[in-house]
Amino acid sequence: MKKLLILIVAGAIYFHFYPNEKLNNWVFEQKEFVLSHFSDATDTKVRLKSDKIYQDLAKDFGQFNSQEKAYVAEITSSREKVKSFNEQYCKSKKQTPKLHRDNLTKVCLSISKYSNLL
């Protein structure tokens, strides 16, 4: 046990005074990975359930064709996809070839209702 403690202290002193760039990068990446997983696991914020947007748009599906319905289902499959779609098309006012302009407006309007929960 004493030898293990001496080895740990010696390693810590060595890496403190003679840092290794690759090792420091690796430690930093591992630290970020662990912190992000702990953050996700201990998050207490109320979040948007992504299918809520799909349910809100279901009443307007008469104006959507089958490809647009499938694309909306793909968008609303996860909160991350909804968030990226919102940033890519709604906030930047870009057009997507997969949705008609009026339908894109409806999707963006539905997302904007819950944008504070993303």
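This text goes with the structure placed above it.
Keep in mind it's a predicted model, so treat the numbers as computed, not measured.

Attention now moves to the overall build of the protein chain. What the protein chain contains, in helices and strands, is six helices and zero strands. When the helices and strands of the protein chain are placed in sequence order, the string is α-α-α-α-α-α. Taking 118 residues into account, the globule formula puts the C-alpha radius of gyration at 13 Å, and the protein chain, at 24 Å, lies well above it. Along the first, second and third principal axes, the C-alpha set of the protein chain runs to 75 × 25 × 25 Å. Expressed as a percentage of its 118 residues, the buried residues of the protein chain come to 24%.

Let's shift gears to helix 5 (residues 79-90). Every buried residue of helix 5 is listed here: Val 82, Phe 85, Asn 86, Tyr 89 and Cys 90. End-on, the buried residues of helix 5 take up no more than an arc of 105 degrees, which puts them together on one face. The inward-facing, buried residues of helix 5 contact helix 3 (51-57), helix 4 (66-75) and helix 6 (101-113).

This part takes up the packing of aromatic side chains. Scanning the model with the defined rule gives four aromatic pairs in all. The interplanar angle of 75 degrees and the centroid separation of 5.4 Å between the aromatic rings of Phe 61 and Phe 64 together place this pair among those described as edge-to-face. As far as burial versus exposure is concerned, Phe 61 and Phe 64 are alike and both buried. Between Phe 85 and Tyr 89, the ring centres sit 5.1 Å apart and the planes meet at 45 degrees, which makes this aromatic pair tilted. Of this pair, Phe 85 and Tyr 89 both sit in helix 5, four residues apart, roughly one helical turn.

Next up on the list: the state of the cysteines. Summed over all chains, the structure comprises one disulfide. Residue Cys 90 pairs covalently with Cys 108 via a disulfide, S to S 2.1 Å. Its S-S torsion of about -85 degrees marks the bond between Cys 90 and Cys 108 as left-handed, since a negative value means left-handed. With Cys 90 in helix 5 and Cys 108 in helix 6, the pair connects residues that are 18 residues apart, well separated along the chain. The pair Cys 90 / Cys 108 is uniform in exposure class, with both members buried.

Another point: the pattern of salt bridges. Pairs can form between side chains of opposite charge once their charged atoms are near each other. By the definition in use, this model includes one salt bridge. Taking the shortest distance from any N to any O, the salt bridge between Lys 52 and Asp 56 comes out at 3.4 Å. With Lys 52 and Asp 56 both in helix 3, this residue pair falls four residues apart, about one helical turn. By relative accessible area, Asp 56 is classed as buried at 14%.

For the pair helix 4 and helix 5, the least separation of the axes is 8 Å and the interaxial angle reads 115 degrees. The angle between helix 4 and helix 5 places the two elements in the roughly perpendicular class. On helix 5, the residues touching Tyr 71, Glu 74 and Ile 75 of helix 4 are Lys 81, Val 82, Phe 85 and Tyr 89. When the residues that make up the contact of helix 4 with helix 5 are grouped by side-chain class, the tally is five nonpolar, no polar and two charged.

Definitions and limits used
- Residue numbers here run from 1 along each chain, matching the order of that chain's written sequence.
- Residue-level local features of this predicted model are given only where pLDDT is at least 70; pairs of side-chain atoms are given and counted only at 80 or more, and the full residue set underlies all totals for whole chains, interfaces and linings.
- Remark: hydrogens and water are excluded; side-chain values derive from all non-hydrogen atoms of the structure.
- Elements are defined by DSSP. Helices are runs of H or I of four residues or more, strands are runs of E of two residues or more, and each kind is numbered from the N terminus.
- As a reference, a globule follows 2.2 Å times the number of residues to the power 0.38, and the radius of gyration itself is taken over C-alpha atoms.
- Think of it in three bands: with a 1.4 Å probe and only protein chains considered, a residue is buried below 20% of the maximum accessible area for its type, exposed above 50%, and partly exposed in between.
- The arc in question is the one spanned by the directions pointing from the helix axis to the C-beta atoms.
- Any two residues having at least one pair of non-hydrogen atoms within 4.5 Å are treated as being in contact.
- Centres within 6.5 Å are what make two rings of Phe, Tyr or Trp a pair, Trp counting through its six-membered ring; a difference in plane orientation under 30 degrees is then read as stacked, over 60 as edge-to-face, and the rest as tilted.
- Criterion for a disulfide: a pair of cysteine sulfur atoms at a distance within 2.5 Å.
- Any Lys or Arg side-chain nitrogen located within 4 Å of an Asp or Glu carboxyl oxygen qualifies as a salt bridge.
- Helix axes use the C-alpha atoms of the stretch in contact, all axes being lines fitted to C-alpha atoms, and the angles between their N-to-C directions lie in the range 0 to 180 degrees.
- Orientation labels follow simple angle bins: below 35 degrees gives roughly parallel, above 145 gives roughly antiparallel, 65 to 115 gives roughly perpendicular, and whatever is left gives oblique.
- Each residue is assigned to one of three groups, with Ala, Val, Leu, Ile, Met, Phe, Trp, Tyr, Cys and Pro labelled nonpolar, Asp, Glu, Lys and Arg labelled charged, and all others, Gly among them, labelled polar.

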